[in-house]
Amino acid sequence: MPDTLSDTQQTNRRRRFFNQDSLASLFFFLFLWFFWGVRYGDYLFAVQENSLFLYDHDFLLRWLQVPEGALCYATAFLIQFFYYPLLGGFLLAAVTTAGQLLLARLTGFKGSARLATFLPGCFFAISTTWPAYYVFIPYNQSIIFSEALAILVSLCCFALYRAFDMKRWRTFIGVGFVVALYPFLGFWGIFATALCSIWELGTACVAKKDRVARNMAIYVAIILALSAILVPICWNWLAFFRTVKTTDIYNRGLLEDIRYDKNTITAWFFYGAIELAPLIILVLVFIKRILPLTPSRQSKEGLSSNRLSRQDKRLRKRIAEKEARRQKKIANQTLNAKNSSLIALSEDEIDSKLKREKEVAGIRLVWELLLVLMAFVVIASYHSRSFFTTVKLTRTLDSENWEEILRIESTDPFPSKAEVQIRNLALYYTGRLPESAFERPIAGLSTVPVTGYDYAKATKGSLWHKAKVKRYMLMRETEQCSDRVLCELLYCYWGQTNIAARIAMNNLIASEERSISSLRTLAISAMTSGEYKLARRYLRILSRVPFYRDWANAGLAYLESPNFYSGVRDFHNDSEIAKLLDERRSERPSATSVEEAGRRYHVSKERVEKIASTIERIRSLRPVKDYVTTMGYPNLVFLYDLARDDEFDDSPRARRDIMLISSLMRKNRDFFLEHFEPILKEEYPNGGAPKAYEQGYASWRYQLYGRDKWRDCDYKFTPETIDLFNQFADYIDAVQGISSVDSDEVQEALRTHCRGLYWGYAGDESVFKPY
Amino acid sequence: MTKIESIQFAFVVSAVVATSLLVGCSRNVPSAYDETDVLPAIYPDYVETTFPPNIAPANFMIEEDAEAYIVKLSGSDGSTICVSGQKAIFPEKKWRKLLEANRGGKFSVEVYVKIDGKWLKRRKYENSISDDSADPYLAYRLIEPGYDYGHRIVLAQRCVENFDERVFFDNRSVGTSPCVNCHSFQDRKTERFLFHFRRMDNQSMGGTIIVEGKSAKKVGGNVDANGITCSYPAWRPTGDFVAFSSNYTRQFFHSLSSQKIEVFDAFSDLVLLDSAKNELTMVTQTKDEFEVFPHWSPDGSTLYYCSAHFSPKTPQSTDSERLEEMVKHATELRYSVYKMTFDESSRTFGSPEIVVDAAGQERSALFPRISPDGKFLVYTLSESGVFPIWRPEADLYIKNLETGEERAWKEVNSEDSDSYHSWSSTGRWIVFSSRREDGQYTRLYMSHVDAEGYASKPFMLPQKDPEHGRLFLKSYNVPEIMVEAIKIDPRVLLETAKKPAEPTRNL
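Calculation rules
- Position numbers for residues count from 1 along each chain, tracking the sequence in the order it is written.
- Labels follow written order: the first chain is A, the first ligand is 1, and so on.
- Two thresholds apply to this predicted model, a pLDDT of at least 70 for residue-level local features and 80 or more for giving and counting side-chain atom pairs, whereas whole-chain, interface and lining totals are computed over all residues.
- A residue is called partly exposed when the number of other C-beta atoms within 10 Å of its own lies between 12 and 20, exposed at 12 or fewer, and buried at 20 or more, with C-beta atoms placed from the backbone.
- Strands here are runs of E lasting at least two residues and helices are runs of H or I lasting at least four, both read from the DSSP assignment and numbered beginning at the N terminus.
- DSSP calls a pair of strands paired once it identifies at least 2 bridges connecting them.
- Contact between residues is assigned whenever the C-beta positions, reconstructed from backbone atoms, fall within 7 Å.
- Amino acids are sorted into nonpolar (Ala, Val, Leu, Ile, Met, Phe, Trp, Tyr, Cys and Pro), charged (Asp, Glu, Lys and Arg) and polar (every other residue, Gly among them).
- Where each domain begins and ends follows an automated or database-derived domain assignment.
- Helix axes use the C-alpha atoms of the stretch in contact, all axes being lines fitted to C-alpha atoms, and the angles between their N-to-C directions lie in the range 0 to 180 degrees.
- Helix span, as expected, comes to 1.5 Å for every residue beyond the first.
- What we call the bend at a residue is the angle made by axes fitted to the seven residues finishing there and the seven residues starting there.
- Note that the term roughly parallel is reserved for angles under 35 degrees, roughly antiparallel for angles over 145, roughly perpendicular for angles of 65 to 115, and oblique for everything else.
- Handedness of a helix crossing follows the sense of rotation of the near helix relative to the far helix, less than a right angle counterclockwise being left-handed and clockwise being right-handed.

1. Things to note about the pairing of strand 27 (residues 364-370) of chain B
Residue and element names in this part refer to chain B.
Phase 1 of the analysis: In terms of residue burial, strand 27 counts as a mostly covered element, since seven of its seven residues are buried.
Phase 2 of the analysis: Summarising the sheet, strand 27 and strand 28 (residues 376-382) pair through five bridges and their orientation is antiparallel. Each bridged residue has a counterpart across the sheet, and for alanine 365 the counterpart in strand 28 is leucine 381.
Phase 3 of the analysis: Counting the residues between successive antiparallel strands, the hairpin from strand 27 to strand 28 contains five residues, one of them, glycine 374, with a positive phi of roughly 75°.

2. Some remarks on the interface of chain B and chain A
Phase 1 of the analysis: Between chain B and chain A, the contact holds 37 residues from the first and 35 residues from the second.
Phase 2 of the analysis: Looking at the side of chain B that touches chain A, the elements with two or more residues in it are strand 19 (241-254), helix 4 (468-471) and helix 5 (490-498) of chain B.
Phase 3 of the analysis: Here the residues of the side of chain B that touches chain A are counted per class, giving ten nonpolar, 13 polar and 14 charged.
Phase 4 of the analysis: Pairing between strand 1 (residues 628-629) of chain A and strand 19 of chain B: two bridges, direction antiparallel. Pairing of A:Thr629 across the sheet is with B:Phe253, part of strand 19 of chain B.

3. Brief notes about the pairing of strand 33 (residues 443-448) of chain B
Residue and element names in this part refer to chain B.
Phase 1 of the analysis: Within strand 33, six of the six residues are buried, which leaves it mostly tucked inside the rest of the structure.
Phase 2 of the analysis: Neither face of strand 33 is left uncovered, since the one carrying Arg443, Tyr445 and Ser447 and the one carrying Leu444, Met446 and His448 both have all their residues buried.
Phase 3 of the analysis: As defined by bridge partners, strand 32 (residues 429-434) adjoins strand 33 across six bridges and the pair is classed as antiparallel. Across the sheet, residue serine 433 finds its bridge partner in strand 33, namely leucine 444.
Phase 4 of the analysis: As judged from the two bridges shared by strand 33 and strand 34 (residues 459-460), these two strands associate in the antiparallel manner. Its bridge partner being in strand 34, methionine 446 is matched across the sheet by phenylalanine 459.

4. Description of the environment of A:Tyr538
Residue and element names in this part refer to chain A.
Phase 1 of the analysis: Mapped onto the elements, tyrosine 538 comes out in helix 24 (residues 532-542).
Phase 2 of the analysis: Taking the C-alpha atoms as reference points, tyrosine 538 and alanine 194, 344 residues apart in sequence, are found 44 Å from one another.
Phase 3 of the analysis: Sequence-distant contacts of tyrosine 538, that is, excluding residues within four places in its chain, are made with Leu519, Leu522, Ala523 and Ala526.

5. So, the domain arrangement of chain B
Residues and elements named next belong to chain B.
Phase 1 of the analysis: Here the domain parsing of chain B yields domain 1 (32-129) and domain 2 (137-506).
Phase 2 of the analysis: Relative to domain 2, the C-alpha centre of domain 1 lies at a distance of 36 Å.
Phase 3 of the analysis: Taken together, the contacts link 18 residues of domain 1 with 15 residues of domain 2.
Phase 4 of the analysis: Breaking the side of domain 1 that touches domain 2 down by element, the ones donating at least two residues are strand 3 (50-51) and strand 4 (60-62).
Phase 5 of the analysis: Its residues placed into classes, the side of domain 1 that touches domain 2 shows eleven nonpolar, four polar and three charged.

6. Focus on the sheet that holds strand 12 (residues 154-159) of chain B
Residues and elements named next belong to chain B.
Phase 1 of the analysis: Strand order in this open sheet of four strands is 13-12-11-35, and the pairing throughout is antiparallel. Both edges of this open sheet fall to strand 13 (165-170) and strand 35 (475-482), since each of them pairs with a single strand only. Direction aside, neighbouring strands of the sheet carry axes that sit 25° apart on average.
Phase 2 of the analysis: Bridging between strand 12 and strand 13 involves five bridges; their strand directions are antiparallel. Considered in strand 13, the bridge of glutamine 157 is made with arginine 166.

7. Focus: the environment of B:Lys399
Residue and element names in this part refer to chain B.
Phase 1 of the analysis: For lysine 399, the location among the structural elements is in strand 29 (residues 395-400).
Phase 2 of the analysis: Along the backbone, lysine 399 and glutamate 480 are 81 residues apart, and their C-alpha atoms lie at a distance of 21 Å.
Phase 3 of the analysis: Apart from the residues lying within four places of it in its own chain, the contact partners of lysine 399 are Val356, Phe376, Leu377 and Glu406.

8. A look at the sheet that holds strand 4 of chain B
Residues and elements named next belong to chain B.
Phase 1 of the analysis: Taking strand neighbours across the sheet as the criterion, the three strands line up as 2-4-7 in an open arrangement whose pairing is antiparallel. The strands lining the two open edges of the sheet, one partner per strand, are strand 2 (42-43) and strand 7 (87-88).
Phase 2 of the analysis: Bridging between strand 2 and strand 4 involves two bridges; their strand directions are antiparallel. Residue pairing across strands places isoleucine 42 opposite isoleucine 62, the latter belonging to strand 4.

9. Comments concerning helix 10 (residues 211-237) of chain A
All names here are of chain A.
Phase 1 of the analysis: Taking 1.5 Å of rise per residue, the 27 residues of helix 10 would be expected to cover 39 Å, and the 38 Å separating its terminal C-alpha atoms lies within 8% of that figure.
Phase 2 of the analysis: The largest bend along helix 10 measures about 30° and falls at alanine 228, with the proline proline 232 one to four residues further on.
Phase 3 of the analysis: Every buried residue of helix 10 is listed here: Ala217, Val220, Ala221, Leu224, Ser227, Ala228, Val231, Pro232 and Trp235.

10. Brief notes about the packing of helix 16 (residues 402-409) of chain A against helix 17 (residues 417-429) of chain A
Residue and element names in this part refer to chain A.
Phase 1 of the analysis: Here helix 16 crosses helix 17 at 140°, and the two axes come no closer than 9 Å. The angle between helix 16 and helix 17 places the two elements in the oblique class. The element helix 16 and its partner helix 17 pack so that their crossing is left-handed. Contact residues: Trp402, Ile405, Leu406 and Glu409 in helix 16; Glu419, Ile422, Arg423, Ala426 and Tyr429 in helix 17.
Phase 2 of the analysis: When the residues that make up the contact of helix 16 with helix 17 are grouped by side-chain class, the tally is six nonpolar, no polar and three charged.

11. Let's talk about the environment of B:Leu155
Residues and elements named next belong to chain B.
Phase 1 of the analysis: Here leucine 155 shows up in strand 12.
Phase 2 of the analysis: Assessed through the 25 C-beta atoms surrounding it within 10 Å, leucine 155 is described here as buried.
Phase 3 of the analysis: Each C-alpha atom of the pair leucine 155 and leucine 280 lies 26 Å from the other, and the pair is 125 residues apart in sequence.
Phase 4 of the analysis: Excluding residues that lie within four positions of it along the chain, leucine 155 makes contacts with Ala139, Arg141, Phe168, Phe169, Val180, His183 and Phe195.

Written out as structure tokens, the structure is:
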């Protein structure tokens, strides 16, 4: 209990400060939770899909083969909860805020100075989002998110170091951090010792008069710094981690895992943000040591200085004037003005009001700066709209909700390549590909492209146009989402299971066999092609992942059901071997029905049936014959090579749609007309063909017969097509031939005037411009 | 602690120990159970097989849903090992004692499972313990069955007597994950061995690392201006010579077949390297004959190899046209086994003689390996091609070189690819790689071979965690048996890999 009034006031004030600080931290936590859990929720989900955590001894040991492995293992454990982005965001925010609180406690900064302790968390938040453009590239996802945990552990180490008074013990413990932690935390073991070293260096700076203490602090600082440098080298000499390149011994994580060009805007932000967080902590610890002044002392001592006195006088005068104005106002308004006590404020009251006003101003400043800081995080972690739509679509793809996919995709005016790929699939699965294939731009970037004119001016030395081009190049670079991980599943859904398996296997290798999405694609691919034992391998691994257990068990149950082998045929070159393999397969199902299989793996019949329907749908899209390719993959944007032209006659109608749309996209007039005209006569003798077909047909007729005669046929075009096509023809007439116009402009005009028609129009090759 | 307290403490401790022992014993062998005539479902399949007396514990897991599991091993000498749990992990010392005590005999395996509170005893089975020890070490490459560069590839050594596995080369230590392949030991000893090291980012830094005792050197190994490098190696059992095939390997992919990839050679020839002088001599240089997979007879007097014939329809076609044609006809390439005598003094080879005419039977014979006594030839037979590892129909065949009798080695074959194989120094054990698990991931199997060339039921190389074979997502590639551990320090290999290659002289 405080003994005096003054003590009570001080305690209250501390409490108030404490409350303000806690509130700021709480606000920061809520902001981070929103930032990760909501704004980047779909991204977090994608991260966990490209990661893997198994409760397995071997799995842990494989992580421990590299420095920072233990940290990544712990982070991988956290990442699995990103399956529920709100939970994942909560965990990330909690760990980051805990780090901030610990840093604030260790540095003892109060008031606005305390804001500096939020900086590492802010930079961490920024650094986690910049690699988001590469979420579809397989790499070690844990590395990115491990910083929050690492900072917390390092600060705990530092707190432990400071808890010891004896220099000898301190030195021993400080060196112990790097010795014990480097094999598990890598760079962060070095960092923990570096924090101790910088603290001792600060002590040496402060202890100017006490030479013994200063020398001792310098010795300890040097010992700690040397151990932070030499111990990692020793660890590598001891050959525990022969995989670490010499240049990477002091690197954060194994940053070569992040596979993109370091000379890009993304890399600048990412590397900048990720390196700044530990640097700021080092600086704060050093500042705290060399300036051991708390705000209260600062204010007390500060009042005595001339500068503050002048400031104080100004404030005092302002308070007195303000109070006088207020009193006067009250007096004017109050009826019994005579009774009102218009007493001038005493010096104590002015002092008290002065303090209160300063506190309020300080608090306001803290909150304003905190808001600025949060705004900075949001702005610095800029991502294009198409990025957010892409990750949202990827997440929706998991649930195979095709209608929802089309709805989400339609909200983005400039869809990315990945979005178009998913949209094409959704259109096909909803039976709307022939109707809506060309309704929306086929692929693009959010950034509005600079024109040829801009390029020309920039080349001639115009600074403005140079800046414009540079900006465009930088922005475009950030928007190029790779679809490497995503496309494996898409190929699978398109029936290209061998290609899907190839890409998924390469992705699995690149992610060091830690990718749920690749394992799942491999499982689906193996299930589709009837590879029972292989599918079992992947499903068994997935059944150990808590959030995918049900799906994997349903898959395992499906393998035992009789319909697993329906529609599977072996394509071995030797027909006898193929027949033998088919016979072996038919003997394998061990359950008589889906229900029985489901019971065996404790999953519902519905879940097994859902997987069965997915596999059956994929099987219906598989190629009709086996063929070989040396390299290259079918194009999922323009639907090339998903179905070979020579399979047209052998394919079901739904598959023929892919070929016809593909022929429109690649402007193969002869194939389209040869195969579409019979369909037209048979299925749409009086008009009413799907829009893409009709418009494509119109454009080819326009090319063959010109503007006057293109409609001279039995087929009745809809008024909409005629109207759009007339607009198109007007545009062509106006610009006197497409070849005379800049290709970007043509693209834009075609999208505006005639939507799908341009894909069928072969007037100029530049019209067809794949991104 | 007072005296009374000490006595109390000792009493409590002994009571706890005695109770735990009693509980342990009673748990090990259920007193009441129902016998069933069903063999236990275990993984890996170690039922009724033959083990070498020096093999690591053959741990397995019981693939049944049960409340409790007990496994009891009993040797004919009366020794027993009892373990509980779904994963039967046998203590190494006890296992070794059991095998030693019953060498040349058998041990029985009893599996008890507790289902619905009731103990069931599965059908008892016996495993044999051979008199012949296996060579203690194996070298192999661990690699994912991928289709691209950039893998993490390690060369590892495994002691088959325990679970000790040591990596002696890791490709990620050098550059951007170069390819590491084709390790070969001279006469199963580790004094001299080699492996290739190829860097995609800097081809000039690639080469063949040749180990001599505790030192190593890197040799360039370029054969001609096309940059075709030495590929599949074979150390002559004595001397400095290494035979290589020089291959221009290409691949293509199937759209539907479960065999997803086809690998073929567009050119291949045989070359001979004098490892002491870094001198290369072309052994064969024929455009239409593709020689590959050299292998020396145990005395080093004969070189066995495989060869296929391909003649393009238009003989004057360019290399790219030829390659295009080969892609179309790659599945028609079929290899037979040939041999040539070798004269060391003149470095000359005799005329080729056919040993296995597989091409004549429209099949492809690959990886010829002669047993140390020179009596048997084991090879892999597939429908066509040069890469049987991706071919599910690939099987091992054995030919008695004395009688000329050859047959499919049905005892060891499976319905998936059985391919690369290596004889032990005694010729009584063979290790081979097989994809019988799932057609994709290669695992190693060992089998005992008797004097007549009959093999015992193969067993998967034991692992500490019996589930390892299912969860491990890498393939065991190119198993080579060794009689001793690798002596060279892995760091020397690493440093050698980083150095520029020594040039070779083409004779």
